[in-house]
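Structural features, examined
Okay, here's what each chain looks like letter by letter:
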Amino acid sequence: MFLPETATFCITLLVYGAILLLLIYYVLTLADLECDYLNAQECCRRLNFWVIPKFGSHALLCILLLIGGHWIMFLLNLPMVMWLYYELHRQRRDSLGVYDPVDIHSRGLLRVHLRNCMVYLGYYFVMFFVGLYCLISSLIKGDPIKRYEDDEIVTDF
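Residues numbered from 1 in each chain as written. Predicted model: local features only at pLDDT ≥ 70, side-chain atom pairs only at ≥ 80, totals over all residues. Heavy atoms only, no water.

Some thoughts on the packing of helix α1 (residues 5-34) against helix α3 (residues 51-68)
For clarity, the cut-off: With axes taken as lines fitted to C-alpha atoms, and helix axes fitted only over the stretch in contact, angles between N-to-C directions fall between 0 and 180 degrees. Helical segments are the DSSP runs of H or I of at least four residues, strand segments are the runs of E of at least two, and each set is numbered from the N terminus. If an angle is under 35 degrees, it is roughly parallel; if it is over 145, roughly antiparallel; if it lies from 65 to 115, roughly perpendicular; otherwise it is oblique. For a crossing to be left-handed, the near helix must be turned anticlockwise from the far one by less than a right angle; the clockwise case is right-handed. Between two residues, a contact is recorded if the distance between any of their heavy atoms is within 4.5 Å. Residue polarity follows a fixed list, in which Ala, Val, Leu, Ile, Met, Phe, Trp, Tyr, Cys and Pro are nonpolar, Asp, Glu, Lys and Arg are charged, and the others, Gly among them, are polar.
In contact at an axis separation of 10 Å, α1 and α3 are set at 160° when each is read in the N-to-C sense. One element, α1, and the other, α3, form an angle in the roughly antiparallel class. The hand of the α1/α3 crossing is left-handed. Residues Thr8, Phe9, Ile11, Thr12, Val15, Tyr16, Ile19, Leu22, Leu23 and Tyr26 of α1 form the contact with α3, whose participating residues are Val51, Lys54, Ser57, His58, Leu61, Leu64 and Leu65. Each residue belonging to the contact of α1 with α3 can be placed in one class, and the counts come to twelve nonpolar, four polar and one charged.

This is the structure in structure tokens:
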């Protein structure tokens, strides 16, 4: 074991929470672009800044889960890492990033990006609560205070 289970799942929850906040920022920024509060160049610059940190944090989380031996959590996170990697590398050579100001309006990708953000939000909300369940179950696993004396009654659940 690389880290104790509780520390691993605390880090997992922190990463999920940070990515959830980042995705809310994505949705708000794309909504501002849709309502013409932002121009496409500024919006795409803001969003492209966070693409690699989002991928990197999720990839590090997968590595942490793999080293920690949490295979089910690792397998639940692996498809998202593979999709983020695919999304990062499928962009054209002449584009400015995953969010390109020319393509976002000319090819109608604004709705696609908003839909993807909503799907990501759903995935990360579910995974946040799965991680919270794993954290709680690792915290209550066993009896942290050994109370096995002769005159004390211990009930096992």
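Details of a nonpolar patch on the surface
For the record, the criterion: Exposure above 30% relative accessible area and the lack of any salt bridge qualify a residue for a patch; like charges then connect within 9 Å, and the nonpolar side chains Val, Leu, Ile, Met, Phe, Trp and Tyr within 5 Å. The Shrake-Rupley method, run with a 1.4 Å probe, gives the accessible areas here. Residue values count only the displayed protein chains as cover. The term salt bridge refers to a pairing of a side-chain nitrogen on Lys or Arg with a carboxyl oxygen on Asp or Glu at a separation within 4 Å.
A cluster of nonpolar side chains, namely Phe2, Leu60, Ile63 and Ile67, defines an oily patch on the protein surface of about 430 Å² accessible area. Mapped onto the fold, Ile67 is located in helix α3.

Comments concerning α3
Here is the rule: Expected helix span is taken as 1.5 Å per residue step, with the number of steps being one fewer than the number of residues. Type-normalised accessible area, obtained with a 1.4 Å probe on protein chains alone, sets the label of each residue: buried when under 20%, exposed when over 50%, and partly exposed for intermediate values.
Under the 1.5 Å per step criterion, the end-to-end length of α3 is 26 Å for 18 residues, consistent within 8% with the ideal 26 Å. Listed in full, the buried residues belonging to α3 are Val51, Lys54, Phe55, His58, Ala59, Leu61, Cys62, Leu64, Leu65 and Gly68. Contact partners of the buried residues in α3: α1, α2 (40-49), α4 (71-89) and α6 (109-139). One or two positions beyond α3, positive phi appears at Gly69, with a value near 80°.

Structural notes on the UniProt feature "transmembrane region" (unreviewed entry) in the protein chain
What counts is decided by this rule: UniProt positions are given in the numbering used here, feature names are shortened, and annotations may be inferred rather than shown by experiment.
Under the feature "transmembrane region" (unreviewed entry), the UniProt entry names residues 7-28, 58-86 and 117-140. Annotated as residues 7-28, this span is 100% helix and 0% strand, and its ends, taken at the C-alpha atoms, are 32 Å apart. Here residues 117-140 is 96% helix and 0% strand, with 34 Å between the C-alpha atoms at its ends.

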